[in-house]
Amino acid sequence: MKTLAERAGSIRPSPTLAIDAKAKAMKASGIDVVGFGVGEPDFDTPEHIKEAGIKAIRDGHTKYMAVPGIDPLKDAIIAKLKRDNGLDYARNEIIVSCGAKHSLYNVAQALYGPGDEVLIPAPYWVSYPDQVMLNGATPVIVPTREEDRFAISAEQLERYITPRTKALILNSPSNPTGLAYDRGVFEAVAALAVKHDFYVVSDEIYEKLVYDGFQHISIASLGPEIKARTFVINGVSKSHAMTGWRMGYTAGPANVIKAMSDIQSQSTSNVCSITQMASIAALNGPEDFLKGMLAEFDKRRRYMVERLNKMPGVSCLMPVGAFYAFPNVSALYGKMYGKSAGGRKINSSADMAAYLLEDANVALVHGEAFGDDRFIRLSYATSMENIEKGLNRIEQALARLA
Ligand code: PMP
Ligand code: GLU
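About the thresholds
- Residues numbered from 1 in each chain as written.
- Chains lettered and ligands numbered in written order.
- Predicted model: local features only at pLDDT ≥ 70, side-chain atom pairs only at ≥ 80, totals over all residues.
- Heavy atoms only, no water.
- Helix = DSSP H or I, 4+ residues; strand = E, 2+ residues; numbered from the N terminus.
- Rg over C-alpha atoms; globule rule 2.2 N^0.38 Å.
- Buried < 20%, exposed > 50% of the residue type's maximum accessible area, 1.4 Å probe, protein only.
- Lys, Arg positive; Asp, Glu negative; His and termini not counted.
- Charge placed at Lys NZ, Arg CZ, Asp CG, Glu CD.
- Salt bridge = Lys/Arg side-chain N within 4 Å of Asp/Glu carboxyl O.
- Near = heavy atom within 4 Å.
- Polar contact = N/O pair within 3.5 Å; in protein donor to acceptor, adjacent residues only side chain to side chain.
- Areas by Shrake-Rupley, 256 points an atom, 1.4 Å probe, with all protein chains shown as cover.
- Nonpolar A, V, L, I, M, F, W, Y, C, P; charged D, E, K, R; others polar.
- Pairing = 2+ DSSP bridges.
- Axes fitted to C-alpha atoms, helices over the stretch in contact; angles between N-to-C directions.
- Contact = heavy atoms within 4.5 Å.
- 1 Å grid on protein atoms, 1.4 Å probe; cavity = no way out; pocket = protein on both sides within 12 Å on 5 of 7 lines; lining within 4 Å.
- Points joined across faces, edges and corners; volume = space filled by probe spheres on them.
- Phe/Tyr/Trp six-rings, centres within 6.5 Å; stacked < 30°, edge-to-face > 60°.
- Expected span 1.5 Å × (residues − 1).

A. Molecular detail of the overall build of the protein chain. Summing up its helical and strand segments, the protein chain has 14 helices and 14 strands in all. What you see for the protein chain is a C-alpha radius of gyration of 21 Å, in line with the 21 Å of a compact globule of 402 residues. Scored against the burial criterion, the 402 residues of the protein chain give a buried share of 54%. Within the protein chain, one finds 45 positive and 45 negative side-chain charges whose respective centroids are separated by 3 Å.

Below you can see the structure in the form of C-alpha cells.
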C-alpha cells in the first residue's frame, strides 16, 4: 500500500477544533460538559446580516464569483481598512478567502518554502507553526515572558533573525494570551522588518474585541516601508459572530495577493457567494451589535479572571482583548489525583486539561498547543451561567488534587 505524503504524516489536527469535537461528542452522549474549549462568539449573527444572506439566495447570487472576491466586497473591505486602520489599499491588494485561517494559509502557500524561516512569538495561535511546516518551511519559535505580558521585544527578536528569515507572524490582540501590542513595540518590530527585509503577517482578527479603552493599531499603518512588507489578515468571524460563514481577507502587496489568488483558483475558488453578499452587509452595516457583545464579554472576562486568581496555585493576567483567559497552572504540576484508583500525577498542561475534562467535565485547551506548557486556555465566549458552573467545577477539582 502506498503511504501518505510526508507533509500529511507530520501534520497535527487543529487541537482547538479537536477538543471542541470531543466536548460535543461527550455532550451528545448525555454528559453535561461545560465548553471553554473552542473560541467562537456564542452570539447569533446579527439579523441584518442573515437577511442579506437570505436575500442573496433569493436574488440568485448562487453561482461562481470572482476568485479573490467580488468588487463590492473588496470595496467594503477597503473602506473598513481606511475607516478603522487609516490604511489605503486598491482592489488588487485585497483577497477574500474562506476564513482568516484560509487567508493565513494562502499567505503561507505564496510565501514560505523549503529553507525559509518564519518567526512565531510564543504563545501563538495553534495553526501558525503547522501552516509553516505544511509548506516545507521552518517555524522559529520566539519565546516571550509572562512578566513582560507576553510581549516580544525587538532586541530579543533580533537574535532569532537570520538571512533565511522570510516572515514574522504577529497576532494582536492575541489568541491565547488576550494581550495586545502598543505602538512602541510595533515601531521597533517594524524597523527590524525593514532593516532585515522580511514580511510581517499581522493577524488582526480580534481587533474589535478589546476592553478597558485599548486602542488597536495595525502595524501596517506605521509607514509606507512597513506597509509594503505587511499582510493584514482580518475577517468577520469574531467581530460579527460569523464563524460558520467562512470569510476572511488579506490586504498586502499586489504581487503576492495575485499569487494567493492564483493558488486559491486551484483550490477553493471563490468564497461562498451567499457569504460574500452577507459580508458586505456586515462590513458596511452598523456596529451597535458589537457594543452589546463586548459589554457581555467584558463582564465575563473580569469574573473569570478574578475567580481563577482566587484558586490556589492558579495565576492569570487580565487580558485586554479577544475572549480567552490564559492562566498559569504550573504550580499545580506534580500533584496527584484519583488516589483511590491508583493515583495519577499531573505533569503537564495536557494532563491538566485531560483531568479537568474527565473529572470535572470542563473542556479547555492545554497551553502546550500554544507553545507554553505552563498554561491552560479557557474561552469565555459562553454564557455567564456556564462560566459560573465551569469555574465551580474547576475549583472543586483543583481542590481535590493532593
Ligand atoms: N487567527 C486567530 C488568532 C484565531 O483565533 C482564529 C480563530 N480560530 C483565526 C485566525 C481564524 O478565524 P476564521 O474563523 O476567520 O478562520
Ligand atoms: N479561534 C478559535 C480557537 O482558537 C477557533 C478554532 C480554530 O479555528 O482552530 O479556539
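Anyway, onward from the coordinates.
B. Expanded view of the pattern of salt bridges. In the structure shown here, the tally under the stated rule is 31 salt bridges. Asp44 is paired through a salt bridge with Lys50; the nearest N and O atoms lie 2.6 Å apart. Given a relative accessible area of 24%, Lys50 falls into the partly exposed group. Ionic pairing is found between Arg400 and Asp359, a salt bridge with its closest N-O pair at 2.5 Å. Here Arg400, found in the segment after helix H14 (384-399), pairs with Asp359, found in helix H13 (residues 349-360); they are 41 residues apart in sequence, far enough to count as distant. Several salt bridges converge on common partners, so that one network encompasses Lys80, Arg83, Asp84, Glu207, Lys208 and Glu287.

C. A look at the environment of Asp351. Locating Asp351 in the fold gives a position in helix H13. Spatially, the C-alpha atoms of Asp351 and Trp125 are 20 Å apart, while their sequence positions differ by 226 residues.

D. Representation of the site of ligand 2. Every residue close to ligand 2 is listed here: Ser14, Thr16, Leu17, Val38, Gly39, Lys101, Trp125, Asn175, Tyr206, Lys238, Tyr324 and Arg377. Contact distances for ligand 2 include 2.6 Å between an oxygen atom and a side-chain N or O atom of Thr16. Here an oxygen atom of ligand 2 sits 3.1 Å away from a polar atom, N or O, in the side chain of Trp125. A total of 290 Å² of accessible area belongs to ligand 2 in isolation, and the protein chains cover 90% of it. The residue inventory of the shell around ligand 2, partitioned by class, reads five nonpolar, four polar and three charged.

E. Quick peek at the sheet that holds strand S4 (residues 138-143). With mixed pairing, the seven strands of this open sheet are ordered in space as S2-S8-S7-S6-S5-S3-S4. Two strands lie at the open edges of the sheet, namely strand S2 (94-97) and S4, each paired on one side alone. Each neighbouring strand pair of the sheet contributes to a mean axis angle of 20°, computed without reference to strand direction. Where helix H5 (residues 100-111) meets the sheet, its contacts fall on S2, strand S5 (165-171), strand S6 (199-203), strand S7 (230-235) and strand S8 (248-251), and the angle it forms with S7 comes to roughly 155°.

F. Region of interest: the pairing of S2. The side-chain alternation of S2 yields two buried faces, one formed by Ile94 and Val96 and the other by Ile95 and Ser97. Bridge count between S2 and S8: four bridges; the pairing is antiparallel. Across the sheet, Ile95 pairs through a bridge with Thr250, a residue of S8.

G. Seen up close, the layout of surface pockets. Estimates place the volume of the largest pocket at around 430 Å³. As for the largest pocket, its lining consists of 23 residues, and the residues nearest its centre are Gly39, Lys101, Trp125, Lys238 and Arg246. By residue class, the composition of the lining of the largest pocket is nine nonpolar, seven polar and seven charged.

H. Structural view of the site of ligand 1. The environment of ligand 1 is made up of 13 residues, and the closest members are Ala100, Asn175, Asp203, Tyr206 and Lys238. Ala100 is positioned with one of its backbone polar atoms (N or O) 2.7 Å from an oxygen atom of ligand 1. A distance of 2.7 Å is found between an oxygen atom of ligand 1 and a side-chain nitrogen or oxygen belonging to Tyr206. In terms of residue class, the shell around ligand 1 is built from five nonpolar, four polar and four charged.

I. View of empty space enclosed by the protein. Evaluation of the coordinates by the stated rule reveals five cavities of 30 Å³ or more. Approximately 80 Å³ is the volume attributed to the largest cavity. As for the largest cavity, its lining consists of 13 residues, and the residues nearest its centre are Lys80, Lys208, Ser239, His240 and Leu283. Looking at the lining of the largest cavity, the elements that each hand over two or more residues are helix H4 (71-85), S7 and helix H11 (273-284). In terms of residues, the lining of the largest cavity owes the most to one element, H4, which gives three residues. For the lining of the largest cavity, the residue count by class is three nonpolar, four polar and six charged.

J. Structural view of the packing of aromatic side chains. Inspection of the entire model under this criterion finds 14 aromatic pairs. Arranged with centres 6.1 Å apart and planes meeting at 65°, the rings of Phe150 and Phe326 form a pair that is edge-to-face. Taken together, the residues span a long stretch of sequence, with Phe150 in the loop between S4 and helix H7 (154-158) and Phe326 in the loop between strand S9 (324-325) and strand S10 (336-337) at a distance of 176 residues. Pair check on accessibility: Phe150 and Phe326 agree, each one buried.

K. Molecular detail of H4. Spanning 15 residues, H4 covers 20 Å between terminal C-alpha atoms, matching the ideal 21 Å at 1.5 Å per step. Among the residues of H4, those classed as buried are Leu73, Lys74, Ala76, Ile77, Ile78, Lys80, Leu81 and Asn85.

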